[in-house]
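Breakdown of the fold
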Amino acid sequence: MSTTETLHEDALAAINDRLAGLKLPTRLLTSHADGAPYDIRAITGKGFGCFAINDIKRGTRILEESPLLSTPIGFYFHEDIKAEFDKLSPTDQALYFSLHSAHGQNPASWPGHVHPMVAEKGKKRILEQHNARIGKKPSIVSIFQTNCMEKESGAAVYVHASRFNHACNPNAGFQWNPAIKKETIHAVRDIRAGEEITLSYCDATQNKAARLYQLKHYGFVCDCPACADDDDPDSFAAKSAARRYRLSELQRELEPVRGWALHKAGTKDGFAQYLLEYIGLLIEEGDYSGRLSSAYLDLGLFCESKGDLKMAQQATKKALKIRLDNMGSDYPDIKDYATVVKRINLAIDE
Ligand SMILES: C[S@@+](CC[C@H](N)C(=O)[O-])C[C@H]1O[C@@H](n2cnc3c(N)ncnc32)[C@H](O)[C@@H]1O
């Protein structure tokens, strides 16, 4: 039996003890019984994590879930979360406190002062979050910080979605879907049975030092394949670092002529070649996320504007497929992607 499996038994027993008598719904520990394709296990040094029960194909919706607690304000304070917490039933309050908390961090590893130019409101927020991180016990704020995901203008925590651990090259992606008012998680690569399902908590295109800093408030140092062994030039991490460097260069270069500014793409020499290089690097990195679908869409629209309809068709079909895989068919902008594909197909048929 692996360390993971042994810990699983002990950890489930510990959680059951902690929650005993609360008559909690079994949804916390037996999500796979509800049809979810993963189970929750304890992992040395990571708390709990979610593992695929069977092989999961790219594009599978792993989860869709309503928030346990949400605040409509992105720039939230303790009082905003506390007001929502007070509205929860005792069972849901217990579920909230069963989520992981990254408190108890070493105060010396965080700046002790707030810059005098920071406005009063900002200062208050920084101090609240700082105190939650270095506090001795889990608090409403420390749990929210450790588990929240962006949601329209605000943020929310979830019984299930908040159990997924981080990797800088994740095999799944999360997204708030405003059409169904739920958080969704989709496999962005094929995932093998037994593999941990991971999400990225930070901007994956950043370099390792920036990612380390972003992840610091979660209280861990990432050792995923994109971070570990980067001193070895043959490692995935070293190759990934080079790719991410080039990706960020290309991103800077192309940003002023992409998306809403795509009509200016013709002013950029070699636009299509740069975008193809960008797409190739994302694929090598295994990053089949929204970045890849929007890059294919921009390439398709650019080719359409230049009259290269065959290339436009190939690129926009790929964009639609990747977008569907990441977001699901009920995501609002899927119909916009589908409209572009249809328009190009019709133009080819004429
Ligand atoms: C949103 S929770 C994820 C679920 C959590 N592991 C649990 O037990 O409920 C975030 C916390 O999980 C842990 N974590 C997530 N990803 C990790 C990783 N790659 N390595 C180590 N710890 C990780 C950290 O303690 C982090 O603060």
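Residues numbered from 1 in each chain as written. Predicted model: local features only at pLDDT ≥ 70, side-chain atom pairs only at ≥ 80, totals over all residues.

The protein chain is annotated in an unreviewed UniProt entry as SET domain-containing protein from Lophiotrema nucula.

1. Observations concerning the overall build of the protein chain
Across its full length, the protein chain carries 11 helices and 10 strands. The C-alpha radius of gyration of the protein chain comes to 22 Å, within 12% of the 20 Å expected for a compact globule of 350 residues. For the protein chain, the residues scored as buried account for 34% of the 350 residues in total. A separation of at least 24 residues holds for 66% of the contacts in the protein chain among residues at least 6 apart in sequence. (Helix = DSSP H or I, 4+ residues; strand = E, 2+ residues; numbered from the N terminus. Rg over C-alpha atoms; globule rule 2.2 N^0.38 Å. Buried ≥ 20, exposed ≤ 12 C-beta atoms within 10 Å, placed from the backbone. Contact = placed C-beta atoms within 7 Å.)

2. Structural notes on the site of the ligand
Lining the immediate surroundings of the ligand are 19 residues, of which Gly 47, Phe 48, His 100, Asn 165 and Tyr 218 lie closest. Elements with a minimum of two residues in the shell around the ligand: β2 (47–52), α5 (140–147) and β7 (165–166). When grouped by side-chain class, the residues that make up the shell around the ligand number seven nonpolar, 10 polar and two charged. (Near = placed C-beta within 6 Å. Nonpolar A, V, L, I, M, F, W, Y, C, P; charged D, E, K, R; others polar.)

3. Points about the sheet that holds strand β9 (residues 182–187)
With antiparallel pairing, the three strands of this open sheet are ordered in space as β3-β9-β8. The sheet is open, and its two borders are formed by β3 (61–65) and β8 (172–177), each paired with just one other strand. Adjacent strand axes in the sheet meet at a mean angle of 15 degrees, parallel and antiparallel pairs treated alike. Sheet topology note: the β8/β9 ladder contains six bridges and is antiparallel. Looking at β9, one finds that Ala 172 is bridged to Ala 187. (Pairing = 2+ DSSP bridges. Axes fitted to C-alpha atoms, helices over the stretch in contact; angles between N-to-C directions.)

4. Regarding the nonpolar core
Within the largest apolar cluster, 63 residues are counted, with the highest numbers of intra-cluster contacts made by Ile 62, Val 157, Ile 197 and Tyr 296. Top contributing element to this core by residue count: helix α9 (residues 290–305), with eight residues. Filtering out sequence-adjacent residues up to four positions away, Ile 62 remains in contact with Ala 36, Pro 37, Tyr 38, Ile 56, Ala 172, Ile 185, His 186, Ala 187 and Ile 197. Of all hydrophobic cores here, the second largest spans six residues; its members include Ala 167, Cys 168, Cys 222 and Ala 237. (Core = buried A, V, L, I, M, F, W, Y, C linked by C-beta atoms within 7 Å.)

5. Details of the environment of Glu 195
With respect to the helices, strands and loops of the structure, Glu 195 is situated in the loop between β9 and β10 (196–199). Setting aside residues no more than four positions away along its own chain, Glu 195 makes contact with Phe 51, Ala 52 and Asn 171.

6. A short note on the packing of helix α8 (residues 271–285) against α9
Packing of α8 against α9 leaves a shortest axis separation of 10 Å and a crossing angle of 155 degrees. In terms of orientation, α8 lies roughly antiparallel with respect to α9. The interaxial crossing formed by α8 with α9 has left-handed handedness. Facing α8, whose interface residues are Phe 271, Ala 272, Leu 275, Tyr 278, Ile 279 and Leu 282, α9 presents Arg 291, Leu 292, Ala 295, Tyr 296, Asp 298, Leu 299 and Phe 302. (Parallel < 35°, antiparallel > 145°, perpendicular 65-115°, else oblique. Left-handed = near helix turned anticlockwise from the far one by under 90°.)

7. Here we look at the packing of α9 against helix α10 (residues 309–327)
At their nearest, the axes of α9 and α10 sit 7 Å apart, and the two run at 160 degrees to each other. If you check the angle between α9 and α10, you find them roughly antiparallel. For the crossing formed where α9 meets α10, the hand is left-handed. Contact residues: Gly 290, Leu 292, Ser 293, Tyr 296, Leu 297, Leu 299, Gly 300, Cys 303 and Glu 304 in α9; Leu 309, Met 311, Ala 312, Ala 315, Thr 316, Lys 318, Ala 319, Ile 322, Arg 323 and Asn 326 in α10. Split by residue class, the contact of α9 with α10 holds 11 nonpolar, five polar and three charged.

8. A closer look at the UniProt feature "repeat: TPR" (unreviewed entry) in the protein chain
The feature "repeat: TPR" (unreviewed entry), as given by UniProt, occupies residues 293–326 in the numbering adopted here. Secondary structure content for residues 293–326 is 91% helix and 0% strand, and the end C-alpha separation is 9 Å. (UniProt positions renumbered as here; feature names shortened; annotations may be inferred.)

9. Description of the confidence of the model for the protein chain
Residues of the protein chain with pLDDT of at least 70 account for 90%, and the chain-wide mean is 90. Within the protein chain, the element-level pLDDT minimum falls on helix α1 (residues 3–19), averaging 51, and the maximum on α10, averaging 98. Taken as a whole, residues 1–8 scores under 50 in pLDDT and shows eight contacts with residues more than four places along the chain or in a different chain. Note that residues 21–33 has pLDDT below 50 and, in this model, 21 contacts with residues that lie over four places away or in other chains. Reported for the predicted complex are a pTM of 0.90 and an ipTM of 1.00. (pLDDT = per-residue confidence, 0-100.)

10. Description of the sheet that holds strand β1 (residues 38–43)
Consider a sheet: its strands pair through backbone hydrogen bonds, and that pairing is either parallel or antiparallel. Overall, mixed pairing links the four strands, which are arranged β1-β2-β10-β7 in an open sheet. Edge strands, defined here as strands with exactly one partner in the open sheet, are β1 and β7. Pairing analysis gives two bridges linking β2 to β10, with the strands arranged antiparallel. Each bridged residue has a counterpart across the sheet, and for Phe 51 the counterpart in β10 is Glu 196.

11. Side note on the environment of Ala 156
Checked against the element boundaries, Ala 156 lands in strand β6 (residues 154–157). Along the sequence, Ala 156 and Pro 37 sit 119 residues apart, while their C-alpha atoms lie 23 Å from each other. Apart from the residues lying within four places of it in its own chain, the contact partners of Ala 156 are Pro 67, Leu 69, Ser 70, Cys 148, Met 149, Lys 151 and Glu 183.

12. Remarks on unusual backbone geometry
Excluding glycine, residues mostly have negative phi values, and the peptide bonds linking residues are mostly trans. One non-glycine residue, Lys 181, lies in the positive phi region at around 55 degrees. Phi angles above zero are rare outside glycine, and Asp 229 is one such case at about 55 degrees. Structurally, Asp 229 can be placed in the loop between α6 (208–216) and α7 (236–254). A tally of 12 C-beta atoms within 10 Å means that Asp 229 is categorised as exposed.

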